[in-house]
Amino acid sequence: MAKKLLLGDQAIAQGALDAGLSGVYAYPGTPSTEITEYIQESPQGRGGEVHCRWCTNEKTAMETALGMSYAGKRALVCMKHVGMNVAADPFLNSAITGVNGGVVVLVADDPSMHSSQNEQDTRFYGKFAMIPVLEPSNQQEAYDMMSFAYELSEKIGEPVLMRVVTRMAHSRAVVETGEPKAQNELNAPERSQNWVLLPAIARRRYAALVEQQKEFDALSESSPFNVYTEGENHDMGVIACGIGYNYYMENYPQGSPYPVLKVSQYPLPKEIIRKMASECKSLLIVEDGQPFVEEQVRGVLPVECEIKGRLSGELPRMGELTPDNVKAALGMGSSQVFAASQNVVPRPPALCQGCGHRSVYEALNRIVAECEGARVFGDIGCYTLGALPPYKSINSCVDMGASITMAKGASDAGVFPAIAVIGDSTFTHSGMTGLLDAVNCNAPITVIISDNLTTAMTGGQDSAGTNKFEAICQGLGVDKEHLHVVNPLPQNMEEITRIMREEINYRGLSVIIPRRECIQTLSRKAKAKKK
Amino acid sequence: MKTDIILAGVGGQGILSIATIIGHAALNEGLYIKQAEVHGMSQRGGDVQSNLRISSDPIASDLIPLGGADVIIAMEPMEALRYLPYLSEEGWIITSSTPFVNIPNYPDQQAIMEELKSRKNVKLLDLDAMGKEHSMPKAVNMMLLGAAADALALGFDKLQNSIRTVFGAKGEQIVEMNIKALTLGRECVK
Ligand SMILES: Cc1ncc(C[n+]2csc(CCOP(=O)(O)OP(=O)(O)O)c2C)c(N)n1
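The structure displayed is predicted, hence computed values, not measured ones. Numbering of residues starts from 1 in every chain and runs along the sequence as written. Whichever chain is written first becomes A and whichever ligand is written first becomes 1, with later ones labelled in order. Totals for whole chains, interfaces and linings use every residue, but because this is a predicted model, local features are given only for residues with pLDDT of at least 70 and side-chain atom pairs only at 80 or more, for both listing and counting. To obtain the side-chain values, all non-hydrogen atoms of the structure were used and water was disregarded.

Description of the overall build of chain B
Then comes step 1: Here a helix means four or more residues in a row that DSSP labels H or I, a strand means two or more in a row labelled E, and each is numbered from the N terminus. Across its full length, chain B holds 7 helices and 6 strands.
Then comes step 2: Helices and strands in chain B line up, N terminus first, as β-α-β-β-β-α-β-α-β-α-α-α-α.
Then comes step 3: Here the globule rule reads 2.2 Å times residues to the power 0.38, and the radius of gyration is calculated from C-alpha atoms. Relative to the compact-globule value of 16 Å for 190 residues, chain B shows a C-alpha radius of gyration of 16 Å, a close match.
Then comes step 4: With respect to the three principal axes, the spread of C-alpha positions in chain B is 45 × 40 × 35 Å.
Then comes step 5: Within chain B, the fraction of its 190 residues that count as buried is 59%.
Then comes step 6: Residues count as neighbours in contact if any of their non-hydrogen atoms are within 4.5 Å of one another. Within chain B, contacts between residues separated by at least 24 positions form 63% of all contacts whose residues are at least 6 apart in sequence.
Then comes step 7: Shrake-Rupley sampling with a 1.4 Å probe provides the accessible areas, and residues are treated as covered by the protein chains on show and by no other component. Of the roughly 7,400 Å² of accessible surface on chain B, a fraction of 50% belongs to carbon and sulfur atoms.
Then comes step 8: Two residue types count as positive, namely Lys and Arg, and two as negative, namely Asp and Glu; His and chain ends fall outside the count. Charge positions come from single atoms, namely NZ of Lys, CZ of Arg, CG of Asp or CD of Glu. Within chain B, the 22 negative side-chain charges are centred at a point lying 3 Å from the centre of the 17 positive side-chain charges. Between buried and exposed lies partly exposed: a residue is buried under 20% and exposed over 50% of the maximum accessible area for its type, with that area taken using a 1.4 Å probe on protein chains only.

Structure representation (structure tokens):
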């Protein structure tokens, strides 16, 4: 046993290692990235006992984990919330196949969108797939839950979804760790037919999953992580989910005056909630993210017990919970002493000085200014910051890979020139398939793959396609004559703008790859060398 | 004992190292700790902060409530002011006086200085000058921590030990430089 100061993400990683993990499969994404990084840095990761290389995207990660589970070993899949949209197909179907070795799918949500394009709540995916969901309220619980989750997963033969939010993932606390367990032995599934989802088998499997729901309900009622505490004042009862429980308790250092149910395992423990509703005049639902629990508790028919939360306006409809908005929902005044300063302005993030993406946008802006009607479809990564001043270069950013496909769609509709700007990691994540669509139509678009040799936005992880981009493009059928590599340095501006001008005006598909290493990874490597 | 600290700065200024040193010192003391950090997009030159709570009793929330912070430690003066609504009535601000201007609409620098100087419980450090004077521009965050040491209720020697542990792997020279920076920081506010 040891005491360590760990981020929530690191506690999860250590918990998984100590639960006998054999492989972590993940694509980086804030706020989930540090889980895989911790495992990569661990003795088991460095020694090669636990597979921990980054995957190309969340779908490949989920499927690889499923393969490891098929072979009897324990696997962890990590992603940010929007990654689940990419992994959704294998994720939902893994509930139908079931699992052999334990599978935990760890998804980190980002309410308030600190580093994301939406604040979707992953608990809906758990309900959708009809499997148990765990939501730790603190770092120690996150650690303890990992062993619990793997045992649960193997016991019920289903993957277990674990949901955390930014403030849990990126907050440190002291965690007491336990004894590590050995990895599972290789062991084929008992009924390997279950893994062949032909309709006849899938129907049988789905019926079994439906049948299992009663068991999952019962497990939630008795879960050690769902804790009911009686309170004197029954004017209100409180259902506090995950870290929402902490914000609630912050306001009652001497203990809660109201009955309170901490929820950290779903499906909702319905019996306890029904009992609370019959004993309390109202129920306040404190949950980070979307009103997932509130909607279920509220339903559409009138109830005697008043339900309060994000839908009724007691808590804000969007954005993350804070001790302050929970305090307001409890009808207490604010403790703020000083007003906000008038001498403060927002400080948005920006591309680093010396970043290659800067030269790309400088050149692109020159050409776009020459071409009336030009539209630039952006993508997700550091280069998305090109949407902000001083560049204001891109007209869209939706989801990973959408630059190429949207440019093609706009071009199909008659936009010319239509230009896509995509990063190297985003291209291999979800851009290659769209490029094939464009190749097959010889769509008159220009795709700029701004290659900084890394996955920069999330902190500089290895990028799956490094050194392979020309080959990938040619392999997909891009014409060699219209495939260029340039070095985005200010002194090469002349050459870059010339090539961009030619290719953007060309009425067929072209690809330009500006390639220069990210200055952050470059300086980190230089520092490491000095040591 | 309970101290709620807001660490503030611009991405890349090293506020997380300050948090790590305090965190380790608190861990060694067997205290409860919660330290919420900002990772991700804002680290690219945006405003970053860390909520650091240390206490002899269990801590509920990872975030400090409005009006709850005992001290704001900032690597940049406008960033210090950003968190005023979180400062408690008797709370302290310990901040670098050197503006980091990476936005076109950075407010009037004099107005920022005047606002800080007009407040009670403020310590301003010219970290830029101090870093140059002692030829340790990379250790100015430890100077700031040294200046804040008394407000943390942790003990100066505890912070020194923590530097030894945390920077230990980087060699004796780095350890000594950071301890010297810590000491200089404390002396300049005495
Ligand atoms: C589906 C999905 N997965 C992960 C992310 C997180 N994410 C945002 S940007 C990015 C890195 C993009 O890397 P790259 O395309 O190489 O661009 P760079 O940041 O290096 O400029 C990642 C992993 C996301 N937004 N969506």
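A few points about the overall build of chain A
Then comes step 1: When you go through chain A residue by residue, the secondary structure sums to 19 helices and 18 strands.
Then comes step 2: Computed over its C-alpha atoms, the radius of gyration of chain A comes to 25 Å, within 12% of the 24 Å expected for a compact globule of 531 residues.
Then comes step 3: Expressed along its principal axes, the backbone C-alpha trace of chain A runs to roughly 75 × 65 × 55 Å.
Then comes step 4: Per-residue burial over chain A gives 59% buried out of 531 residues.
Then comes step 5: In the structure as shown, chain A presents an accessible area of about 21,500 Å², 53% of it carried by carbon and sulfur atoms.
Then comes step 6: Placing the 49 positive and 60 negative side-chain charges of chain A at their respective mean positions leaves the two points 4 Å apart.

Some details on the interface of chain B and chain A
Then comes step 1: Taken together, the contact pairs 49 residues of chain B with 44 residues of chain A.
Then comes step 2: Carbon and sulfur atoms supply 56% of the area that chain B and chain A bury against each other, a total of about 4,000 Å² over both sides.
Then comes step 3: For this analysis, a salt bridge means a side-chain nitrogen from Lys or Arg found within 4 Å of a carboxyl oxygen belonging to Asp or Glu. The interface formed by chain B and chain A includes 4 salt bridges.
Then comes step 4: Notably, a salt bridge pairs Arg53(B) with Glu250(A), separated by 2.8 Å at the nearest N-O pair. Summed over both partners, the accessible surface that disappears when two parts come together, traced with a 1.4 Å probe, is what is meant by buried area.

Things to note about the site of the ligand
Residues and elements named next belong to chain A.
Then comes step 1: Taken together, 26 residues sit near the ligand, with Glu58, His357, Cys382, Thr426 and Ala456 positioned nearest.
Then comes step 2: A 3.5 Å cut-off defines polar contacts: any pair of N or O atoms within that distance qualifies, except that in protein one atom must be a possible hydrogen donor and the other a possible acceptor, and neighbouring residues in sequence count only when both atoms are side-chain atoms. Within the backbone of Cys382, a nitrogen or oxygen atom sits 2.9 Å from an oxygen atom of the ligand.
Then comes step 3: One of the side-chain N or O atoms of Asp424 is found 2.9 Å from an oxygen atom in the ligand.
Then comes step 4: Coverage of the ligand by the protein chains reaches 97% of its 590 Å² of free accessible surface.
Then comes step 5: Contributions of two or more residues to the shell around the ligand are made by helix H5 (83–97) and helix H16 (424–441). One heavy atom within 4 Å of a molecule or strand is enough for the residue carrying it to be called near that molecule or strand.

Some details on the packing of aromatic side chains
Residues and elements named next belong to chain A.
Then comes step 1: Here is the rule: rings of Phe, Tyr and Trp (six-membered ring for Trp) pair when centre to centre is within 6.5 Å. Planes less than 30 degrees apart are stacked, more than 60 are edge-to-face, and the remainder are tilted. As enumerated under the stated definition, the model contains 10 aromatic pairs over all chains in all.
Then comes step 2: A ring pair is formed by Tyr125 and Phe128, whose centres lie 6.5 Å apart and whose planes are at 40 degrees; its orientation type is tilted. Residue Tyr125 and its partner Phe128 are located together in helix H6 (residues 123–129), separated by 3 residues, close to a single helical turn.
Then comes step 3: For Tyr125, a relative accessible area of 15% translates into the label buried.
Then comes step 4: Look at Phe128 and you get exposed, because its relative accessible area is 57%.

A closer look at the pattern of salt bridges
Then comes step 1: Overall, the coordinates contain 35 salt bridges over all chains when judged by the stated rule.
Then comes step 2: Residues Asp288(A) and Arg310(A) are paired through a salt bridge, measuring 3.6 Å at the closest nitrogen-oxygen approach. Of this pair, Asp288(A) sits in the loop between strand E12 (282–286) and helix H12 (292–298) while Arg310(A) sits in the loop between strand E13 (306–308) and helix H13 (323–329), and the two are 22 residues apart along the sequence. Each of the two residues, Asp288(A) as well as Arg310(A), counts as buried.
Then comes step 3: Note that Lys120(B) is salt-bridged to Glu90(B), the shortest N-O span being 3.1 Å.

A word on the confidence of the model for chain B
Then comes step 1: For chain B, mean pLDDT is 94; residues scoring 70 or higher make up 100% of the total.
Then comes step 2: The ipTM value of the predicted complex is 0.94, and its pTM value is 0.97. A residue's pLDDT is the predictor's confidence in that residue, given on a scale from 0 to 100.

Regarding the side chain of Gln212(A)
Residue and element names in this part refer to chain A.
Then comes step 1: With respect to the element layout, Gln212 can be found in helix H9 (residues 199–221).
Then comes step 2: Taking the relative accessible area as the measure of exposure, Gln212 reaches 16% and is therefore buried.
Then comes step 3: At 2.8 Å, the side chain of Gln212 forms a polar contact with the backbone oxygen of Ile156.
Then comes step 4: Dropping the residues within four chain positions of it, Gln212 is found in contact with Ile156 and Glu158.

Quick word on the domain arrangement of chain A
Frequently, the measure chosen for interface size is the accessible area removed from exposure when the parts meet.
Then comes step 1: Delimitation of the domains relies on an automatic or database domain assignment. Each domain of chain A was delimited in the assignment, giving domain 1 (2–183 + 197–221), domain 2 (227–329) and domain 3 (356–522).
Then comes step 2: One C-alpha centre belongs to domain 2 of chain A, the other to domain 3 of chain A; they are set 47 Å apart.

Considering the sheet that holds strand E1 (residues 2–10) of chain B
Then comes step 1: Strands were regarded as paired on the criterion that DSSP finds at least two bridges between them. Ordered by their spatial adjacency, 8 strands build an open sheet running E1(A)-E7(A)-E2(B)-E3(B)-E1(B)-E4(B)-E5(B)-E6(B), and the pairing between neighbours is mixed. Only two strands of the sheet have a single neighbouring strand rather than two, namely strand E1 (2–7) of chain A together with strand E6 (122–125) of chain B. Along the sheet, successive strands turn relative to each other by an average axial angle of 20 degrees, direction set aside.
Then comes step 2: With 4 bridges connecting them, strand E5 (residues 87–96) of chain B and E6(B) associate as parallel partners. When the bridges of E6(B) are listed, Ser96(B) appears paired with Leu125(B). A fitted line through C-alpha atoms serves as each axis, taken over the contacting stretch for helices, and the angle formed by two N-to-C directions is quoted from 0 to 180°.

Comments concerning the pairing of strand E15 (residues 418–423) of chain A
Residues and elements named next belong to chain A.
Then comes step 1: Counted residue by residue, E15 has 6 buried out of 6 residues, so it is predominantly covered.
Then comes step 2: Side chains Ala418, Ala420 and Ile422 project from E15 onto one buried face, and the interleaved Ile419, Val421 and Gly423 project onto a second face that is buried too.
Then comes step 3: Taking the sense of rotation as the criterion, the β-α-β connection linking strand E14 (residues 375–377), helix H15 (residues 402–413) and E15 turns out right-handed.
Then comes step 4: Note: E15 against strand E16 (residues 445–450), 6 bridges, orientation parallel. Residue pairing for E16: Ala420 is matched across the bridge by Val447. For a crossover, the right-handed case is the one in which the path from the first strand over the helix to the second runs clockwise, viewed with the strands pointing away from the viewer.

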